[in-house]
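Given next are the chains, with one letter for each unit.
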Amino acid sequence: MQLTDFKVLTFDCYGTLIDWESGIAEALRPLLARSGKMLSRDKVLESFARYEAAQQSETPSMIYSELLGVVHARMASEWGVEPSTEESKNFGRSVSDWPVFSDSPAALQYLKKHYKLVILSNVDRESFQGSNRRLQVEFDFIFTAQDIGSYKPNPRNFAYMIKKLGDAGYQKREILHTAESLFHDHLPANNAGLASAWIYRRHAQEGYGATHPPPARPKYDFLFRSMEEMAKAHQEAS
């Protein structure tokens, strides 16, 4: 199997193209300061991952910016802090401020010359607009949790994307799903019969950070530590 075998690259955005862990940690800094707790960055992110996954399962149709506000309030309660409605809303609105991985725009611009580029993200359309500007590329299709009414790893999200791409003339064997999260993306991609490329952004760190641990270890067809590495691999395969 080669990267050149595919016509469509489907992407998770947050954690893969956008540095959501830095964005989340920074947006939670005021709450952590109010709590007075001395928690490591990874402990903060692991707490976020636990509440985010639970809330997405409990309220699959909730808009992501609103869902983040609920997650923020639940984290405040865990840390013994009275939740602030305004602070929770600000956290929910922080997505468009989350920084881009520095290699993402150039890699996407290169890959755009060779593939259709697609987003499959657990986010709302308005929040993604800010991230899209940072990524500096025009995606051919954008599928959000708001469009689908559920959150990955729900198989509905992958079925929705596969159906839409099928309607546009692309078969599953022509699609390579590209993502960091084993929980949100690679395991359901396996179950949907899609090939996948793991962008292992956390290769130098232990644990799963802001991503909930997967219930089983998925397989993947390619492994890259960055989007730059993926673009270079395509150049070498061409």
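Residues numbered from 1 in each chain as written. Predicted model: local features only at pLDDT ≥ 70, side-chain atom pairs only at ≥ 80, totals over all residues. Heavy atoms only, no water.

Draft legend 1. Representation of the overall build of the protein within the structure. What the protein contains, in helices and strands, is eleven helices and six strands. For 238 residues, the compact-globule formula gives about 18 Å, and the C-alpha radius of gyration of the protein, at 17 Å, lands near that figure. Taking the principal axes of the C-alpha coordinates as reference, the protein spans close to 55 × 35 × 35 Å. Expressed as a percentage of its 238 residues, the buried residues of the protein come to 52%. For the protein, long-range pairs separated by at least 24 residues make up 71% of all intrachain contacts whose partners lie at least 6 apart in sequence. Roughly 10,700 Å² of accessible area belongs to the protein as shown, and the carbon and sulfur atoms make up 48% of that amount. Each charge class in the protein was averaged separately, 28 positive and 30 negative side chains, and the resulting centres sit 3 Å apart. (Helix = DSSP H or I, 4+ residues; strand = E, 2+ residues; numbered from the N terminus. Rg over C-alpha atoms; globule rule 2.2 N^0.38 Å. Buried < 20%, exposed > 50% of the residue type's maximum accessible area, 1.4 Å probe, protein only. Contact = heavy atoms within 4.5 Å. Areas by Shrake-Rupley, 256 points an atom, 1.4 Å probe, with all protein chains shown as cover. Lys, Arg positive; Asp, Glu negative; His and termini not counted. Charge placed at Lys NZ, Arg CZ, Asp CG, Glu CD.)

Draft legend 2. Up close: the packing of aromatic side chains. For the structure shown, the criterion picks out twelve aromatic pairs. Where Tyr-14 meets Trp-98, the ring centres are 5.8 Å apart and the plane angle is 85°; that geometry is what we call edge-to-face. In this pair, Tyr-14 is assigned in the loop between strand S1 (8-11) and helix H1 (20-27) and Trp-98 in the loop between helix H5 (85-92) and helix H6 (104-111), connecting sequence segments 84 residues apart. Residue classification places Tyr-14 among the buried residues on the basis of a relative accessible area of 8%. Arg-50 extends its terminal NZ or CZ atom over the ring of Tyr-51, reaching a point 5.1 Å from the ring centre. The ring of Phe-101 has Arg-201 lying over it, and the distance from NZ or CZ to the ring centre is 3.9 Å. (Phe/Tyr/Trp six-rings, centres within 6.5 Å; stacked < 30°, edge-to-face > 60°. Lys NZ or Arg CZ within 6 Å of the ring centre and 35° of its normal.)

Draft legend 3. Representation of the sheet that holds strand S3 (residues 141-144) within the structure. Within the open sheet, the six strands sit side by side as S3-S2-S1-S4-S5-S6. Their pairing is parallel. Here the strands that pair on one side only, and so sit at the sheet edges, are S3 and strand S6 (222-224). In this sheet, adjacent strand axes meet at a mean angle of 20° when their direction is disregarded. Here S1 runs beside strand S4 (residues 175-179); their pairing, made up of four bridges, is parallel. Looking at the pairing, Thr-10 lines up with His-177 of S4. (Pairing = 2+ DSSP bridges. Axes fitted to C-alpha atoms, helices over the stretch in contact; angles between N-to-C directions.)

Draft legend 4. Spotlight on the packing of H6 against helix H11 (residues 227-237). Between H6 and H11, the shortest axis-to-axis distance is 8 Å and the interhelical angle comes to 30°. The pairing of H6 with H11 is recorded here as roughly parallel in orientation. Every pair of crossing elements has a handedness; the one defined by H6 and H11 is left-handed. Facing H6, whose interface residues are Ser-104, Ala-107, Leu-108, Tyr-110 and Leu-111, H11 presents Met-227, Glu-228, Met-230, Ala-231, His-234 and Gln-235. (Parallel < 35°, antiparallel > 145°, perpendicular 65-115°, else oblique. Left-handed = near helix turned anticlockwise from the far one by under 90°.)

Draft legend 5. Fine view of the pattern of salt bridges. All chains considered together, the criterion is met by 18 salt bridges. A salt bridge links Asp-140 to Lys-116; the nearest nitrogen and oxygen atoms lie 3.9 Å apart. Note that Asp-140 is positioned in the loop between helix H7 (125-135) and S3 and Lys-116 in strand S2 (residues 116-121), a separation of 24 residues in sequence. A residue is classified by how much of its surface remains accessible, and Lys-116, at 34% relative accessible area, is partly exposed. In the salt-bridge network here, residues are joined through shared partners; they are Asp-12, Lys-152 and Asp-185. (Salt bridge = Lys/Arg side-chain N within 4 Å of Asp/Glu carboxyl O.)

Draft legend 6. How the structure looks around the environment of Thr-16. By the secondary structure assignment, Thr-16 is in the loop between S1 and H1. For Thr-16 and Val-100, which are 84 residues apart along the polypeptide, the C-alpha to C-alpha distance reads 9.3 Å. Here Thr-16 is in contact with Phe-101, Ser-104, Thr-178, Ala-179, Glu-180, Ile-199, Arg-201 and Met-227, once residues within four sequence places are set aside. Among the polar contacts listed, one links the side chain of Thr-16 to the backbone nitrogen of Glu-180, at a separation of 2.9 Å. (Polar contact = N/O pair within 3.5 Å; in protein donor to acceptor, adjacent residues only side chain to side chain.)

Draft legend 7. Focus on unusual backbone geometry. In this structure, Pro-153 follows Lys-152 across a cis peptide bond, with omega equal to 15°. Relative to the assigned elements, Pro-153 resides in the loop between helix H8 (145-148) and helix H9 (155-167). In this structure, Gln-136 takes a positive phi of about 60° despite not being glycine. Looking at where Gln-136 falls in the secondary structure, it is placed in the loop between H7 and S3.

Draft legend 8. Summary view of the packing of H1 against helix H3 (residues 41-58). One can describe the packing of H1 onto H3 by two numbers: an axis separation of 10 Å at closest approach and a directional angle of 95°. Judged on the interaxial angle alone, H3 and H1 are roughly perpendicular. Contact with H1, carried on its side by Trp-20, Glu-21, Ser-22, Ile-24 and Ala-25, involves Arg-41, Leu-45, Phe-48 and Glu-52 of H3 and no other residues of that element. Here the contact of H1 with H3 is composed, by residue class, of five nonpolar, one polar and three charged. (Nonpolar A, V, L, I, M, F, W, Y, C, P; charged D, E, K, R; others polar.)

That's the geometry; what it means functionally is another story.
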